[in-house]
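# Topology and contacts: notes
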Amino acid sequence: LYAADAALAVADEASALPEATGDARSFRDLILAKLTYAVGKDPIVARDHDWLRALSLALRDRIVDRWMATTRGVYRMGGKRVYYFSLEFLIGRLLKDGLNNMGLLGTAREALASVGVDLDVIAELEADAALGNGGLGRLAACFMESMATVGVPAYGYGIRYENGLFRQNIIDGWQTESPENWLAYGNPWEFPRREVAYEIGFGGAVEASEGWDGSAVHAWKPAETVLAVAHDTPVVGWRGLRVNTLRLWSARSPDPISLDAFNAGDHIGALTARTKAESISRVLYPADSTPAGQELRLRQEYFFTSASLQDLVRRHLKQHREIRTLAQKAAVQLNDTHPAIAVAELMRILIDIHAMSWADAFALTRDTISYTNHTLLPEALESWPVPLLERLLPRHMQIIYAINARVLTEARAAGATDAMIAAVSIIDEGHGRRVRMGNLAFVGSHKVNGVSALHSELMKETVFRDLNTVFPGRITNKTNGITPRRWLMTANPGLAGLLRETIGEGFLDDAEKLVALEPFARDPGFQERFAAVKHANKARLAKTIQQTLGLRVDPAALFDVQVKRMHEYKRQLLNILETIALYNAIRTHPEKDWVPRVKVFAGKAAASYTSAKYIIKLINDVAKMVNTDPAVRNLLKVAFLPNYNVSLAEVIIPAADLSEQISTAGMEASGTGNMKFALNGALTIGTLDGANVEMRDHVGADNIFIFGLTAAEVEARRAKGLNPRANIEADPALAEVLDAVGSGVFSPADPQRHRGTVDNLTNSDWFLVTDDFTSYSAMQRRIDALWGTPAAWREKAILNVARMGWFSSDRTIRDYSDEIWGLPTVKVG
Ligand code: CBF
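Residues numbered from 1 in each chain as written. Predicted model: local features only at pLDDT ≥ 70, side-chain atom pairs only at ≥ 80, totals over all residues.

The protein is annotated in an unreviewed UniProt entry as Alpha-1,4 glucan phosphorylase from Labrys wisconsinensis. Entered under Cofactor (unreviewed entry) in the UniProt record, the comment concerning the protein runs "pyridoxal 5'-phosphate". (UniProt positions renumbered as here; feature names shortened; annotations may be inferred.)

## Comments concerning the overall build of the protein
A count of helices and strands for the protein gives 35 helices and 24 strands. Here the C-alpha atoms of the protein give a radius of gyration of 28 Å, agreeing with the 28 Å that 2.2 N^0.38 yields for 829 residues. With the C-alpha coordinates of the protein rotated into their principal frame, the extents come out at 90 × 80 × 65 Å. Considering the protein as a whole, with its 829 residues, one finds that 50% of them fall into the buried category. Put simply, 75% of the contacts in the protein that link residues at least 6 apart link residues at least 24 apart. (Helix = DSSP H or I, 4+ residues; strand = E, 2+ residues; numbered from the N terminus. Rg over C-alpha atoms; globule rule 2.2 N^0.38 Å. Buried ≥ 20, exposed ≤ 12 C-beta atoms within 10 Å, placed from the backbone. Contact = placed C-beta atoms within 7 Å.)

## Here's the deal with the domain arrangement of the protein
In terms of domain boundaries, the protein breaks down into domain 1 (72-480 + 815-821) and domain 2 (557-789). Taken over C-alpha atoms, the centre of domain 1 sits 34 Å from the centre of domain 2. Looking at the side of domain 1 that touches domain 2, the elements that each hand over two or more residues are strand S2 (89-92), helix H7 (135-150), strand S5 (167-171), strand S6 (174-178) and helix H18 (453-461). Each residue belonging to the side of domain 1 that touches domain 2 can be placed in one class, and the counts come to 13 nonpolar, 16 polar and five charged. (Domains from an automatic or database assignment. Nonpolar A, V, L, I, M, F, W, Y, C, P; charged D, E, K, R; others polar.)

## Thoughts on the nonpolar core
Residues Leu55, Tyr83, Met144, Phe303, Ala342, Ile619 and Ile652 are the most contacted members of the largest nonpolar core, which totals 233 residues. A total of ten residues in this core trace back to one element, the largest contributor, which is H7. Counting contributing residues, this core receives three or more from each of domain 1 (72-480 + 815-821) and domain 2 (557-789). Those residues in contact with Tyr83, other than ones at most four positions away along the chain, are Tyr155, Tyr157, Ser308, Leu312, Ala330, Ala331, Val332 and Gln333. (Core = buried A, V, L, I, M, F, W, Y, C linked by C-beta atoms within 7 Å.)

## Examining the site of the ligand
Around the ligand sit 14 residues in total, of which Gly135, Leu136, His374, Ala669 and Ser670 are the nearest. Here the shell around the ligand is built from residues that sort into four nonpolar, nine polar and one charged. Taken domain by domain, the shell around the ligand gets at least three of its residues from each of domain 1 (72-480 + 815-821) and domain 2 (557-789). (Near = placed C-beta within 6 Å.)

## With respect to the packing of helix H31 (residues 732-742) against helix H32 (residues 755-763)
Two packed helices can be described by the angle between their axes and the distance between those axes. Two numbers describe how H31 lies on H32: the axes approach to 8 Å, and their chain directions differ by 145 degrees. When the axes of H31 and H32 are compared, the crossing they make is left-handed. Across from Leu738, Val741 and Gly742 in H31, the residues of H32 making contact are Arg755, Thr757, Val758, Leu761 and Thr762. The class makeup of the residues in the contact of H31 with H32 is four nonpolar, three polar and one charged. (Axes fitted to C-alpha atoms, helices over the stretch in contact; angles between N-to-C directions. Left-handed = near helix turned anticlockwise from the far one by under 90°.)

## Looking at the environment of Asn692
Here Asn692 shows up in helix H28 (residues 692-699). Separated by 238 residues in sequence, Asn692 and Leu454 have C-alpha atoms that sit 9.4 Å apart. Setting aside residues no more than four positions away along its own chain, Asn692 makes contact with Gln661, Gly671, Asn674, Thr684, Gly686 and Thr687.

## Comments concerning unusual backbone geometry
With a phi angle near 50 degrees, Asp172 is a residue other than glycine that sits in the positive phi range. Residue position: Asp172 is located in the loop between S5 and S6. The residue Leu768 is not glycine, and still its phi comes out positive at about 60 degrees. Tracing the chain through its elements places Leu768 in the loop between H32 and helix H33 (769-787).

## As for the pairing of S6
Bridge count between S5 and S6: five bridges; the pairing is antiparallel. Counted as the bridge partner of Ile171 is Trp174 from S6. Following S5, the chain reverses through two residues before pairing antiparallel with S6; Asp172 in that reversal takes a positive phi of roughly 50 degrees. (Pairing = 2+ DSSP bridges.)

## Thoughts on the environment of Gln547
For Gln547, the location among the structural elements is in helix H23 (residues 524-549). On the neighbour-count criterion, Gln547 (9 C-beta atoms within 10 Å) is exposed. When the C-alpha atoms of Gln547 and Ile586 are compared, they prove to be 27 Å apart, with 39 residues separating the residues in sequence.

## A closer look at the packing of helix H10 (residues 291-320) against helix H12 (residues 342-353)
Relative orientation of the contacting elements H10 and H12 amounts to 45 degrees, with a least axis distance of 10 Å. Viewed along their axes, H10 and H12 adopt a mutual orientation that is oblique. Classified by chirality, the crossing of H12 by H10 is right-handed. Across the interface between the two elements, Thr305, Ser306, Leu309 and Val313 from H10 touch Ala342, Glu345, Leu346 and Ile349 from H12. For the contact of H10 with H12, the class distribution of residues is five nonpolar, two polar and one charged. (Parallel < 35°, antiparallel > 145°, perpendicular 65-115°, else oblique.)

## Comments concerning the sheet that holds strand S16 (residues 434-436)
Each strand in a sheet pairs with another by means of backbone hydrogen bonds, the pair being arranged parallel or else antiparallel. Here three strands make up an open sheet; going across it, the order is S14-S16-S15 and the pairing antiparallel. Edge positions in the sheet fall to strand S14 (383-385) and strand S15 (427-428), since each has one partner strand and no second. Across three bridges, S14 lies against S16 in antiparallel orientation. Paired with Trp384 across the two strands is Val435, which belongs to S16.

## Looking at the sheet that holds strand S17 (residues 448-450)
Spatial strand order, S7-S10-S11-S4-S1-S12-S13-S17-S18: nine strands in an open sheet with mixed pairing. Two strands bound the open sheet, and with one partner strand each, they are strand S7 (191-202) and strand S18 (475-477). Put simply, the sheet's adjacent strands are angled 25 degrees from each other on average, direction ignored. Summarising the sheet, strand S10 (residues 224-236) and strand S11 (residues 243-252) pair through ten bridges and their orientation is antiparallel. Pairing of Val229 across the sheet is with Ser250, part of S11.

This is how it looks when you write it as structure tokens:
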């Protein structure tokens, strides 16, 4: 290897570089070969990006060996596969996680060091694949990793967005959006499969004729066709034992260019069809406030669902020959309603292409499909205008009508009243005739699950109350989880290392073994080491804050963190209003012994979500004043970090002392950030919402700060009529805060800026910020008191780590496997 020799010569000249040993040496040679022959760079001139690509390709080679072995093994066994359909896969960076799971982290570090390259430096250059928005997409990524870990053969199916979710910039305190260019340097992890392409039809008409036995035969003749081209990314499980596939579809036009138009001089028009086709896989969540935006969103959903079903049916037939055994060999999990059109598409494939009878096709569809609901928010439960579906997917609309007719007959036979029939119907007749995708997914699935115990119960009482009566037993709960590989080992190597030294390696294979840490919770020596790890993580975050915002924060202060999508129900507003109350109190009583706090916020607001954007602006306005007010004497700092994504989460979460999980009770389906924080030793301040309820059960009520109204109380107050004015009157600190915000104290150049936010709180307050403000504030002062006793704080933090093992996504996947998919799992390790 000429180039490799040259690199080593350079390394020798620098002579301080360590020599690589054993495995590291062969891995280094592989990296150098990749650099030379795949990247085409002489090591002497290679830049950090080149090394990153070479390392990624070297790692990929090792993963591919296991991938092929897994795929071959699965094929040979002839068993069932899980197909996880998701519009989002928030995978983030893959390098360190892959190295960790393959047991190559130390080897790679040593190999690179021997040629003068720092792994941590190049790893920071990896693009963050933001192919998701929030919890739902990150859950899909955690599930993919856990399925590979516990031995569930799986394909993840989604869209390969060229630009993913937008990049958030904060300009003068306001959010602006720009495209995220994650593919700028190419994507070393994926394999384009140009040979795996399916035709996806849109529009046109359905031709009906008579079949040989007199039955009606339907042929859909689409007016337009788009190609779905596969891109495969291997997903490696813990210890590299099994590797599954994430197959993402890219949209292509069958005709790249209209040559006639081009030659006639219409150079732009010649590309119109192509642009239209490719727009399908351009961005995640195009704004759907316009009819064109809605149509694009529906196109995206049908595009990836149809391609995925065609793909898995083809695989099934190739291997098992017989379509009737599909449900024995394939479990399709719908991640939310986005892929719900799968119910109609699978029916179409079975009836129109495989000539199955309606009854057989429907039974097979139901046995194959199951659906996860992730929200009770009515605006997030998708529905499509009937005319849109009729135009874009005419055959599917016919099938939906036919399914609906049968379901309603079944419901009537089960004793449903007229009101129940209206609620169970897939067609919402009340809002300009819309197709309810949640109902379609529900009736087409054998199991429907919620994502926390509370959420699943609320599903039965609210959105799916009547469907639950007609189809009892179909709703089940599968509490979410997070992968401890990414969220402990990779994100917090300091803590993972300390745990290994203290309780051994068992927890690496089985997170529930973290419980062995409990006896150390009060051990002063262990507490010191635990606190030192936290301090180092906080110093790292402090550096990020300084570099990003130019703001200096003290790692010794209490780091109080709220990072998540910006949404009114998540109540970042409650947090910032309480921050202002604290600011006022510090200014009024400078003589008191205040606990220094750093308030960290991060999160994106949907581009068209104006009130959430105003909350971002308010946080930044408050930050501007508080951070420069000498009267505060550095006792309070506020930092809004822009462009929250997985990589930023990996820096923020291990550094948190306090995790804010303060949604209006009954509105957060589960939350998974809450789990990541607690696993990393942050204490939670939260409402009894989503998985917070089960977290309290696991970590113990003494080790979590629960405040505020319960879901039942929220419902009762809403039913009775909210009275925010009375709440404000009863709490002078709150009144003072709202007065200040509303009169422009934090926006002197534009005093009316936050008037709307305050008016909304005073007059309506749907999210019950004013109802919970007083108890939230009181709880924050109890937290201050506990912070003053470090041994007591640390004990609780350690107990949180020890007791969070149950929230591993390995456990969640085992639950899905046992109770929904009917698949065995294996023990890890
Ligand atoms: O279940 C995963 C997550 O999904 C959401 O993010 C969603 O998009 N519906 C919910 O808001 C979270 O509560 C939930 O944890």
